[in-house]
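Here's the letter readout for the chains.
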2 protein chains.
Amino acid sequence: MDKKKNISMAVIRRLPKYHRYLGDLMKNDVDRISSKELSEKIGFTASQIRQDLNCFGDFGQQGYGYNVSELYSQICNILGLVKLYKTVIIGAGNIGQAIANYTGFEKLGFELKSIFDVNPKLIGLRIRDIEIKDIDYLPDFLKENTIDIGIICVPSINAQKVCDILVKNGVKGIWNFAPVDLVVPDDVKVEGVHLSDSLLILSCLLNDME
Amino acid sequence: MDKKKNISMAVIRRLPKYHRYLGDLMKNDVDRISSKELSEKIGFTASQIRQDLNCFGDFGQQGYGYNVSELYSQICNILGLVKLYKTVIIGAGNIGQAIANYTGFEKLGFELKSIFDVNPKLIGLRIRDIEIKDIDYLPDFLKENTIDIGIICVPSINAQKVCDILVKNGVKGIWNFAPVDLVVPDDVKVEGVHLSDSLLILSCLLNDME
DNA sequence: TAGATTGTTAATCGATTAACAATC
DNA sequence: TAGATTGTTAATCGATTAACAATC
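Residues numbered from 1 in each chain as written. Chains lettered and ligands numbered in written order. Predicted model: local features only at pLDDT ≥ 70, side-chain atom pairs only at ≥ 80, totals over all residues. Heavy atoms only, no water.

## A closer look at the sheet that holds strand β1 (residues 32–33) of chain A
All names here are of chain A. Strand order in this open sheet of three strands is β1-β3-β2, and the pairing throughout is antiparallel. Each edge of the open sheet is held by one strand with a lone partner, namely β1 and β2 (60–61). Lying on the sheet, helix α4 (residues 68–79) is in contact with β1 and β3 (65–67); it crosses β3 at an angle near 70 degrees. (Pairing = 2+ DSSP bridges. Helix = DSSP H or I, 4+ residues; strand = E, 2+ residues; numbered from the N terminus. Contact = heavy atoms within 4.5 Å. Axes fitted to C-alpha atoms, helices over the stretch in contact; angles between N-to-C directions.)

Structure follows, in structure tokens:
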């Protein structure tokens, strides 16, 4: 279970999908599944599934397959879903508000501690009981509270600046919605969601006729 | 310029980044750039950049490099940014509203024509002058209006159903924000944005200490 | 022309798939 | 035991990098 040798990014990017499908199986009270059956549902080859799961240690059993709930909890482990994460949102515009309002992340263990913005019209407002604070207070807030993940929802032009403040105050995870590539030290992890990039990929696919 | 032989998905996923960086260069009135210089900015190897750009035909020049504005407009071409796309949003919840309110997509040529929801409290409201309509009216609307892209922002459970209505009425592009894998015919393209998957990847990276 | 830089081929690297012995 | 299915090695495939001749 602590094999964890060299998990490639290709494998990591598939893990949430395993998590999702195994969660569904749990809901349907399925208690065992073979790589072949899972393959038919999830769309990866059976070979790839066995290969992927073996990165983490052997929790399959020859002749039997995988125990769903055991596998599920192992995937949760690998994804780090066993602990709670404290998050802050910076930027209470469209995207910031949407994320703040969405309760699904809490269920996964991501707890929103505060929201920051520069706009005086937004400061003081509340989203789901969380007050939007002045961004000037961000450094102090980070010093007083241990925050695991900063969610950057400010315009591109300010994103690196905000990121620097987060990093300087010990935040190790950045979830970046600004369409820029942030520069961070090695021990800080950035995962970017670039909505317009995604939309451009779609328009490219629509034109890529062959 | 019409080489377009076998553009792999790996290349397509890099194109929006080229688009972004070349746009910046345009703004700064840079008119030529070598693969080596671009490499330093964008973070791909010079070799990869030349390899990528060659998929589409040769618009570089030995001993000189690439003409920025020519390259930029070629990338726009490949991304399909030369035409306008008509879009509809289905689901006027957190994410649906955020996307509807965001004006950046219009600038790229994606015009929001309508928004649909089931919730009677939302129907009739306006976002940026666009009225939220009853989802029951969606099929008729799609018959009366040619829509290129459907943006699915409904809960997972309803996503495939909504997708089917879109596909049945000729929509060829689906931008899917629901955390499910949609089933569509081959001629329909789906690009998914799975926010919770992205967040899980971040939490995995934060735990993947080595 | 000489220097620079591409286009393109060849070499390497990594990820996926196939195969099968191990074993439940 | 016989059948099933994994874990794991080997083969294949694709993507990235290196190298260099072509040429501006």
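Still more to cover.
## Describing the pattern of salt bridges
This structure, assessed with the given rule, holds 22 salt bridges over all chains. A salt bridge links R13(A) to E191(A); its shortest N-O distance comes to 3.1 Å. Within this pair, whereas R13(A) is found in helix α1 (residues 9–27), its partner E191(A) is found in strand β10 (residues 189–192), the two being separated by 178 residues in sequence. For R13(A), a relative accessible area of 45% corresponds to the partly exposed category. Using a relative accessible area of 5% as the deciding quantity, one classes E191(A) as buried. For the salt bridge of K36(B) with E40(B), the shortest nitrogen-to-oxygen distance reads 3.8 Å. One end of the pair, K36(B), and the other, E40(B), are both in helix α2 (residues 35–42), four residues apart, so they sit about a helical turn from each other. Comparing K36(B) with E40(B) shows no difference in burial state: the two are exposed. (Salt bridge = Lys/Arg side-chain N within 4 Å of Asp/Glu carboxyl O. Buried < 20%, exposed > 50% of the residue type's maximum accessible area, 1.4 Å probe, protein only.)

## Here's the deal with the protein's contact with DNA strand D
Within the structure, DNA strand D sits among 26 residues, and S35(A), R50(A), N54(A), S47(B) and Q51(B) are positioned closest to it. Among all atoms of DNA strand D positioned within 4 Å of the protein, those belonging to sugar or phosphate total 54%. Side-chain polar atom of S47(B) to a base nitrogen of DNA strand D: 2.7 Å apart, as the coordinates give it. In the environment of DNA strand D, a base oxygen lies 2.5 Å from a nitrogen or oxygen atom belonging to the side chain of Q51(B). At the level of secondary structure, the elements contributing two or more residues to the surface near DNA strand D comprise α3 (46–54), β2 and β3 of chain A together with α3 (46–54) of chain B. (Near = heavy atom within 4 Å. Polar contact = N/O pair within 3.5 Å; in protein donor to acceptor, adjacent residues only side chain to side chain.)

## Considerations on the UniProt feature "domain: CoA-binding" (unreviewed entry) in chain A
The feature "domain: CoA-binding" (unreviewed entry), as annotated in UniProt, sits at residues 81–181 of chain A in this numbering. For residues 81–181 of chain A, helix accounts for 33% and strand for 29%, while the C-alpha atoms at its two ends are 26 Å apart. (UniProt positions renumbered as here; feature names shortened; annotations may be inferred.)

## Focus on the interface of chain B and chain A
Contact with chain B, which involves 57 residues of that partner, is made by 56 residues of chain A. For the chain B and chain A pair, buried surface summed over both sides reaches about 5000 Å², with 68% attributable to carbon and sulfur atoms. Area buried by chain B at its contact with chain A is led by R20(B), L199(B) and L200(B), which between them contribute 13% of it. Our count for the contact surface shared by chain B and chain A stands at six salt bridges. We note a salt bridge from D197(B) to R20(A), for which the minimum N-O separation is 3.3 Å. Elements with a contribution of two residues or more to the side of chain B that touches chain A: α1 (9–27), α4 (68–79), α5 (94–101), α6 (104–108), β9 (173–176), β10 (189–192) and α9 (195–207) of chain B. Tallying contributions element by element places α9(B) first for the side of chain B that touches chain A, with 13 residues. Of the residues assigned to the side of chain B that touches chain A, the class counts are 32 nonpolar, eleven polar and 14 charged. (Buried area = accessible area lost by both parts, 1.4 Å probe. Nonpolar A, V, L, I, M, F, W, Y, C, P; charged D, E, K, R; others polar.)

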